[in-house]
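# Coordinate inspection notes
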2 protein chains.
Amino acid sequence: MQPNLHDIEMAATRLAGRAVRTPMLSSPMLDEATGGRILLKCETLQKTGSFKFRGAYNAVAALTADARARGVVALSSGNHAQGVAAAAAFFGTEATIVMPADAPRAKVEGTKRFGGRVVPYDRAGEDRDEIAARIMATSGASLIHPFNDNDVIAGQGTVGLEIAEYCSASGDRPEAVLVPCSGGGLSAGIHIALHEKLPGARVHVVEPEGFDDYARSLAAGAIRPNERRSGSICDALMSRFPGGIGFEVNQRLGAGAVSVADPSVLAAVAFAFRHLKLVVEPGGAAGLAAVLSDAFDARGKCVVVVLSGGNIDPETMAAALASP
Amino acid sequence: MQPNLHDIEMAATRLAGRAVRTPMLSSPMLDEATGGRILLKCETLQKTGSFKFRGAYNAVAALTADARARGVVALSSGNHAQGVAAAAAFFGTEATIVMPADAPRAKVEGTKRFGGRVVPYDRAGEDRDEIAARIMATSGASLIHPFNDNDVIAGQGTVGLEIAEYCSASGDRPEAVLVPCSGGGLSAGIHIALHEKLPGARVHVVEPEGFDDYARSLAAGAIRPNERRSGSICDALMSRFPGGIGFEVNQRLGAGAVSVADPSVLAAVAFAFRHLKLVVEPGGAAGLAAVLSDAFDARGKCVVVVLSGGNIDPETMAAALASP
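Along each chain, numbering runs from 1 in the same order as the chain's sequence is written. Chain letters start at A and ligand numbers start at 1, both assigned in the order the entries are written. Whole-chain, interface and lining totals are the exception, using all residues; otherwise, since this is a predicted model, local features are given only for residues with pLDDT of at least 70 and side-chain atom pairs are given and counted only at 80 or more. Each side-chain value is worked out from all heavy atoms of the structure, with water and hydrogens disregarded.

### Overview of the side chain of Asp 149 of chain A
Residues and elements named next belong to chain A. For the purposes of this entry, the term helix denotes a DSSP run of H or I that reaches at least four residues, the term strand denotes a run of E that reaches at least two, and both are numbered from the N terminus. Relative to the assigned elements, Asp 149 resides in the loop between strand E6 (142-143) and helix H8 (150-170). Burial classes follow relative accessibility: with a 1.4 Å probe on protein chains only, a residue under 20% of its type's maximum area counts as buried, one over 50% as exposed, and anything between as partly exposed. The convention is simple: Lys and Arg are positive, Asp and Glu are negative, and His and the chain ends are not counted. Salt bridge, as used here, is a side-chain nitrogen of Lys or Arg placed within 4 Å of a carboxyl oxygen of Asp or Glu. The buried charged residue Asp 149 lacks any salt bridge, with Arg 14 as its nearest oppositely charged partner at 8.9 Å. We define a polar contact as two N or O atoms separated by no more than 3.5 Å, with the added condition that, inside protein, one atom must be a possible hydrogen donor and the other a possible acceptor, whereas residues neighbouring each other in sequence contribute only through side-chain atom pairs. Only 2.8 Å separates the side chain of Asp 149 from the backbone nitrogen of Asp 151, close enough to count as a polar contact.

So this is what it looks like as structure tokens:
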């Protein structure tokens, strides 16, 4: 059974007082640059620096006390890692995180700071699923999947609930919502919430060029993997294929898809630093890159852009600021 | 006559729809680091990247149409410059800005982007007042003083009004408000608003060590200048002495004073980048530096910290992120 609005509302109750109710920001400079009215849902300001804390917390909360006592395991390039580590810490649960060796330092350090035990692996040569399976077989720990999990999707859906509540209070009527997309858990959760709460807004997943498995899967009506496993500046958006649960949601509800080139992403990261005074990581800036480039025409439209994460290394920020 | 609450409320009416009503943000990470509950008033997210737009707009609006037609002049290291340029642009008024040659590039570029004409001067060897006087004598343009002006102070006071309105809605009862301080216009404006609207909150000015003219002036009961004119990382906080109008306000209403060392400021800039995902310039982070260092003990307290500006060069950010 797919997660539904009720599941998201339950997740919102669990998250109340734990997760940050992130602000929706706007900027005259951004509106001028895009020709639209852009509302930024700032999950960069979420606990752990990305939306991932929401789904992770909801999933850890949903475990039985016995299961929680045996610990949790996660596979993650870094944002889900930090979300799971911080969520597990709330419950006094041990979190083991299998992370690619080339994950941004900020994310590895963050995961450790939140109390997670990090197990690195080689993105090209090792199978992270096997590593996780071994850990679970030994410890009896539960896997917290980064996206293909009803509780995770319901947790991420609280972002959609907050977008709808904001627009209801402000009177804004966005016609599009742009969501950075890897496995599609965030976009699916948002989609479920907005389908009922803000039906005029079409959800678009935004992916890096070359990692547009979601766009191709939506077009084909069936899941299509990426050929490449590495090589995008968007370290958070390189899942191999859409999660099945979220894909059914996004397909049924009619998601659009947009892809953005790495230089546009770096330009968006730099724009956010210079003009919005916000620290956004490449993957988190994919939606912003879409409205600032010609990937998505925002002229004359009210568009919600989710800034999904801000865990960026200083070197990557320096590269973005030095790019033309 | 000193500016009063009515002047600030008038300024708020003028600024409605022009200035950004900046958010008040909080962060579990910051609360943990300080042991208090810290509310961040994010003027970094204001139009032009600092609070200065508020006062500048209010002052340009207060000019007669004839005076506006002759243009405006400002002396500024960069934030007031951008504020005046952007405010003047709203009215189709020419803005000439006398800026130190060593002002951050981001600020010079911003001033030009908002339509200002920049006249550079040597901070150590030239008298900026003379340069401005010459320009005014030729053009008949009006000086928009960065802080010693009733309309400017009233405009900055809208920050205080918004702080009070936020706390009234949220139920927060801050006992202290920390305000980065150069000439003292922002702190004076905030003080006037909070004295009536949030009387339990004591306003503290925060200055860089070695540029603590305000602290020494408050202690002496009379204005005392700084010896140095340059040399702090806080490029925005190096005015030579307190503005007379604001000083009377802050003295009468009982402002506290705190000073922070450059390394604490750089650490605060880095903390904001890493953990708050906010871009804050050194001077704008002085209050944050106070609660993160031992300059101001926030333990067990609810404290409002004004992040007054975010116009920082990439090199300075890199230096902050590389500092221990």
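### Observations concerning the interface of chain A and chain B
Many analyses report the size of an interface as the accessible area lost when the parts associate. The contact definition used throughout considers only heavy atoms, calling two residues in contact when any of these lie within 4.5 Å. Between chain A and chain B, the contact holds 23 residues from the first and 23 residues from the second. Defined here as a combined quantity, buried area equals the accessible surface (1.4 Å probe) lost by two parts on assembly, summed across both. Contact with chain B buries surface across chain A, with Phe 273, Lys 277 and Val 279 of chain A losing the most and accounting together for 33% of the total. Taken together, the links from chain A to chain B amount to zero salt bridges. Linking chain A with chain B are six residue pairs in polar contact (both at pLDDT 80 or more), by the criterion used here. Every element with two or more residues in the side of chain A that touches chain B is listed here: helix H2 (28-34), helix H12 (262-276) and helix H14 (314-322) of chain A. Broken down by class, the residue content of the side of chain A that touches chain B amounts to 15 nonpolar, five polar and three charged. Just so you know the grouping, Ala, Val, Leu, Ile, Met, Phe, Trp, Tyr, Cys and Pro go in nonpolar, Asp, Glu, Lys and Arg go in charged, and all remaining residues, Gly too, go in polar.

### Points about the sheet that holds strand E4 (residues 95-100) of chain B
All names here are of chain B. When DSSP finds at least two bridges between two strands, those strands are taken to pair. The strand order E5-E4-E3-E6 describes an open sheet built from four strands, whose pairing is parallel. This sheet does not close on itself; its edge strands, each paired only once, are strand E5 (117-121) and strand E6 (142-143). The pairing of E4 with E5 spans five bridges and is parallel. For Met 99, the partnering residue across the bridge sits in E5 and is Pro 120. Angles shown run from 0 to 180 degrees and are taken between the N-to-C directions of axes, each axis being a line fitted to C-alpha atoms and, for helices, limited to the stretch in contact. Those strands touched by helix H6 (residues 105-113) are E4 and E5, and its axis lies near 175° from that of E4.

### With respect to the relation of the copies chain A and chain B
Fitting of the copies onto one another was done by least squares over C-alpha atoms, counting residues only where both copies have pLDDT of at least 70. Once chain A is rotated about the relating axis by 180° and shifted along it by 0.0 Å, it coincides with chain B to within an RMSD of 0.0 Å. With respect to symmetry, the two chain copies, as superposed, fit the operation of a two-fold axis. Closest approach to the rotation axis among the C-alpha atoms of chain A is made by Leu 278 of chain A, whose C-alpha sits 2.4 Å away. A high fraction, 100%, of the interface residues of chain A reappear at the interface in chain B, so the copies pair face to face through one surface.

### Concerning a negative patch on the surface
Patch membership requires more than 30% relative accessible area and the absence of a salt bridge. Residues of like charge join within 9 Å; the nonpolar side chains Val, Leu, Ile, Met, Phe, Trp and Tyr join within 5 Å. Each accessible area is a Shrake-Rupley estimate made with a 1.4 Å probe; only the visible protein chains count as cover when residues are assessed. Positions of charges follow a simple convention, taking NZ of Lys, CZ of Arg, CG of Asp or CD of Glu. A contiguous patch of negative charge on the surface is contributed by Asp 122, Glu 126, Asp 127, Asp 129 and Glu 130 of chain B. Mapped onto the secondary structure, Glu 126 of chain B falls in the loop between E5 and helix H7 (128-139).

### With respect to the sheet that holds E6 of chain A
Residue and element names in this part refer to chain A. Here four strands make up an open sheet; going across it, the order is E5-E4-E3-E6 and the pairing parallel. The open sheet terminates on both sides in strands that have one partner only, identified here as strand E5 (117-121) and E6. Here strand E3 (residues 72-75) pairs with E6 via two bridges, running parallel. Of the residues in E6, the one forming a bridge with Val 72 is Ser 142. Those strands touched by helix H5 (residues 79-91) are E3 and strand E4 (95-100), and its axis lies near 170° from that of E4. The sheet contacts of helix H6 (residues 105-113) involve E4 and E5, and relative to E4 the element is tilted by about 175°.

### Here's the deal with helix H9 (residues 185-197) of chain A
Each α-helix winds once per 3.6 residues, and so residues spaced three or four apart point in a common direction. All names here are of chain A. Between the first and last C-alpha of H9 there are 18 Å, a value that for 13 residues agrees with the 18 Å anticipated at 1.5 Å per step. Of all 13 residues in H9, 10 are buried, a share of seventy percent or more. Every buried residue of H9 is listed here: Gly 185, Leu 186, Ser 187, Ala 188, Gly 189, Ile 190, His 191, Ile 192, Ala 193 and Leu 194. Against helix H1 (5-15), H8, strand E7 (176-180), strand E8 (202-208), helix H11 (244-252) and strand E10 (302-307) lie the buried residues of H9. Multiply 1.5 Å by the residue count of a helix minus one, and that product is the helix's expected span.

Everything listed here is a matter of geometry and, on its own, says nothing about what the molecule does.
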